[in-house]
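# Topology and contacts: notes
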Amino acid sequence: MNGRTVLDQPLGSCLRRARMQTLAVLCWKELVFSQALVLASLATGPRQNNSIFYEIRTYDIKPSKMKDFVEMVNKYFHLRTAHSELVGFWSAELGAMNKVVHIWKYDNFAHRTAVRHALANDKDWQGKFISPALPLIEKQHNEVAYLVPWCQLGKPPKEGGVYEWVTFQMKPGGPALWGEAFQAAINAHINTGYTKLISVFHTEYGLLNTVHVIWWNESPDHRAAGRHSAHEDARVVAAVRDSVRFLESQKNVLLIPLECSPLK
């Protein structure tokens, strides 16, 4: 207003203005960095360093036809496993009824496409199993899942026993958000020694932010006794309390392996 330029202003005023401009730039960078962290938390996070995935199939069977369906599976499922690897096949005993769950392993999506094409053209499979089995099924559901990076597919120490399938619905954000706390809770249960971890799957297709954890126990009573001890273990309690802040819901199902199941 008075015709003075920046050069005419006192040095202190110029330095203050420069410091304010520098502070504004730093604040802007911090804001951008914070937004990047938020976006990162919405990512699914790391997974196994290969293209292998698992298809989880769940069928609801007509109550009056469950026995017939299981008999057909045990008799003819070798026709299906000739095409791709079956991880496990179970029927629900507690927590659900007239339900079966099976898991298939694929090298990649092209592998699955090739397998599905071959099955559609396999006359024995279509005629001996699919055609008579479909009328016994009320509903089908499938998911695609990956093993979490810190878990490999395990096996029980012996045949016999039961499997506990625990489904956790986590808050949106994926393992990048809740993975560390969830892993700590799983490890706390492993360290008690009462149960054997078989696998931890994280969904890619289906209901997202879903984690399926499969445990093996010698018997339902052995599992109940182990759970009681775990609830009194301060390490387990602390780890679980830290992880439940990311949890929306949880469901447990006790599973019995079928004769055709590789995991028995």
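Note that the structure is predicted; figures quoted are calculated from it, not measured.

## Some remarks on the overall build of the protein
Scanning the protein for helices and strands turns up eight helices and eight strands. Put simply, the protein has 264 residues, and 38% of those count as buried. Taking the contacts inside the protein whose residues are at least 6 apart along the sequence as the reference set, 81% of them involve residues at least 24 apart. Looking at the protein as shown, the accessible area adds up to about 15,100 Å², and 57% of this sits on carbon and sulfur atoms.

## Some thoughts on the sheet that holds strand 8 (residues 247-257)
Taken in spatial order, the eight strands of this closed barrel run 1-3-2-8-5-7-6-4, and their pairing is antiparallel. Sheet twist, expressed as the mean angle between neighbouring strand axes with direction ignored, is 35°. Where helix 4 (residues 109-120) meets the sheet, it contacts strand 1 (53-61), strand 3 (99-106), strand 4 (137-147) and strand 6 (196-205), and its direction lies at approximately 45° from that of strand 1. Sitting on the sheet, helix 6 (residues 175-192) is in contact with strand 5 (162-170), strand 6 and strand 7 (210-217), with an inclination near 10° to strand 7.

## Some remarks on the layout of surface pockets
Remark: the empty space left among the atoms is shown by a probe the size of a water molecule rolled over them. Looking at the largest pocket, its volume works out to about 470 Å³. Lining the largest pocket are 21 residues, with T58, E143, T167, H212 and K251 positioned closest to its centre. When residues of the lining of the largest pocket are traced back to their parent elements, those giving at least two are strand 1, strand 3, strand 4, strand 5, strand 7 and strand 8. At five residues, strand 8 tops the list of elements feeding residues into the lining of the largest pocket. Looking at the lining of the largest pocket residue by residue, the classes come out as eight nonpolar, eight polar and five charged. If you go around the second largest pocket, you meet 21 residues; those closest to its centre are F168, H189, R227, V240 and Q250. Put simply, the parts of the chain that give the lining of the second largest pocket at least two residues each are strand 5, helix 6, helix 7 (220-231), helix 8 (234-243) and strand 8. Taken together, the residues of the lining of the second largest pocket break down into 14 nonpolar, five polar and two charged.

## Re unusual backbone geometry
In the Ramachandran plot, N98 falls in the positive-phi region, its phi being about 55° despite a non-glycine side chain. Inspection of the secondary structure assignment puts N98 in the loop between strand 2 (85-94) and strand 3. Look at N98 and you get partly exposed, because its relative accessible area is 23%.

## Quick word on the confidence of the model for the protein
Residue-level pLDDT values for the protein average 87, and 81% of them are 70 or greater. Counting contacts from residues 31-44, a segment whose pLDDT is below 50, to residues more than four positions away or on other chains yields 13 contacts.

## Some remarks on the packing of aromatic side chains
Applying the stated criterion across every chain yields a total of 14 aromatic pairs. Ring centres of F53 and F109 lie 4.2 Å apart, and the angle between their planes is 20°; on these two criteria the pair is classed as stacked. Taken as a pair, F53 in strand 1 and F109 in helix 4 lie far apart in primary sequence, 56 residues in all. On the basis of relative accessible area, F53 is assigned to the buried category, the value being 0%. Here the aromatic rings of W90 and W165 are separated by 6.1 Å at their centres, their planes lie at 70°, and the arrangement is edge-to-face. Note that W90 is positioned in strand 2 and W165 in strand 5, a separation of 75 residues in sequence. Each member of the pair, W90 as well as W165, is classed as buried. Following the ring pairs from residue to residue traces out a cluster consisting of F69, F77, F89, W104, W125 and F129. Over the ring of W104 we find R80; its NZ or CZ atom is 3.7 Å from the centre of that ring.

Parameters at a glance
- Residues numbered from 1 in each chain as written.
- Predicted model: local features only at pLDDT ≥ 70, side-chain atom pairs only at ≥ 80, totals over all residues.
- Heavy atoms only, no water.
- Helix = DSSP H or I, 4+ residues; strand = E, 2+ residues; numbered from the N terminus.
- Buried < 20%, exposed > 50% of the residue type's maximum accessible area, 1.4 Å probe, protein only.
- Contact = heavy atoms within 4.5 Å.
- Areas by Shrake-Rupley, 256 points an atom, 1.4 Å probe, with all protein chains shown as cover.
- Pairing = 2+ DSSP bridges.
- Axes fitted to C-alpha atoms, helices over the stretch in contact; angles between N-to-C directions.
- 1 Å grid on protein atoms, 1.4 Å probe; cavity = no way out; pocket = protein on both sides within 12 Å on 5 of 7 lines; lining within 4 Å.
- Points joined across faces, edges and corners; volume = space filled by probe spheres on them.
- Nonpolar A, V, L, I, M, F, W, Y, C, P; charged D, E, K, R; others polar.
- pLDDT = per-residue confidence, 0-100.
- Phe/Tyr/Trp six-rings, centres within 6.5 Å; stacked < 30°, edge-to-face > 60°.
- Lys NZ or Arg CZ within 6 Å of the ring centre and 35° of its normal.

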